[in-house]
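Residue-level structural notes
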Amino acid sequence: MAFVEGLVRAVAAELPVDPNRVYATGISNGGMLAYRLAARAAPLPRSARSPPPGWGECPSPAPISLIHIHGSADPTVPYGGGPGLLDLDPPSSALSATETLWSFFVAHPKPSPPAR
């Protein structure tokens, strides 16, 4: 986490980076990293795109945009949750896609509607 956050800050110190347009994306472990970055209290990223089984704790999240893509036939990280094909020691169990999205939705504040 610190490496990615430090990398973004280092690039922003050398190039014009709009902090409101820093995005994270990933597939599989990279997707889980995108969720973890989104869950951090740090001001980045502003959105995440990922198909992970879970994302970790959200200590003090800010509203972000999110797109979640998860294949229903994924045997490695099952759509319905539970153990997958990864040979981990100790074994792990993934949240379902619905549980992942619901827990992320509950943990993140909802933006106020725009003023008219």
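Here the structure is a predicted model, which is why all the values come from computation and not from measurement.

**Re the overall build of the chain**
Secondary structure summary: the chain contains three helices and three strands in total. Mapped in sequence order, the helices and strands of the chain form the string α-β-α-β-β-α. Long-range pairs, those at least 24 residues apart, make up 43% of the contacts in the chain with a sequence separation of at least 6. Counting every atom, the chain has about 7,600 Å² of accessible surface; 61% of that belongs to carbon and sulfur.

**A few points about the side chain of S96**
Along the polypeptide, S96 turns up in the loop between β3 (65–68) and α3 (97–107). Given the relative accessible area of 10%, S96 is considered buried. Apart from residues no more than four positions distant in its own chain, S96 is found in contact with Y79, G80 and G81.

**A short note on the environment of T25**
Tracing the backbone through its elements, the reader meets T25 in strand β1 (residues 23–25). Classification of T25 by relative accessible area gives exposed; the value is 59%.

**Digging into the confidence of the model for the chain**
For the chain, per-residue confidence averages 74 on the pLDDT scale, and residues scoring 70 or more make up 67% of the total. Taking the mean pLDDT of every element in the chain, the minimum, 53, falls on strand β2 (residues 47–50) and the maximum, 86, on helix α1 (residues 2–14). In this model, residues 49–55 is a region of pLDDT below 50 whose contacts with residues beyond four sequence positions or in other chains number 44 contacts.

**Structural notes on the environment of L37**
Considering the arrangement of structural elements, one finds L37 in helix α2 (residues 29–39). For the pair formed by L37 and V4, sequence separation is 33 residues and the distance between their alpha carbons is 8.5 Å.

**So, the side chain of H70**
Summarising the element assignment, H70 is placed in the loop between β3 and α3. Accessibility expressed as a relative area gives 12% for H70, which makes it buried. Reaching out from H70, the side chain makes a polar contact with the backbone oxygen of V77 at a distance of 2.8 Å.

The rules behind these values
Residues numbered from 1 in each chain as written. Predicted model: local features only at pLDDT ≥ 70, side-chain atom pairs only at ≥ 80, totals over all residues. Heavy atoms only, no water. Helix = DSSP H or I, 4+ residues; strand = E, 2+ residues; numbered from the N terminus. Contact = heavy atoms within 4.5 Å. Areas by Shrake-Rupley, 256 points an atom, 1.4 Å probe, with all protein chains shown as cover. Buried < 20%, exposed > 50% of the residue type's maximum accessible area, 1.4 Å probe, protein only. pLDDT = per-residue confidence, 0-100. Polar contact = N/O pair within 3.5 Å; in protein donor to acceptor, adjacent residues only side chain to side chain.

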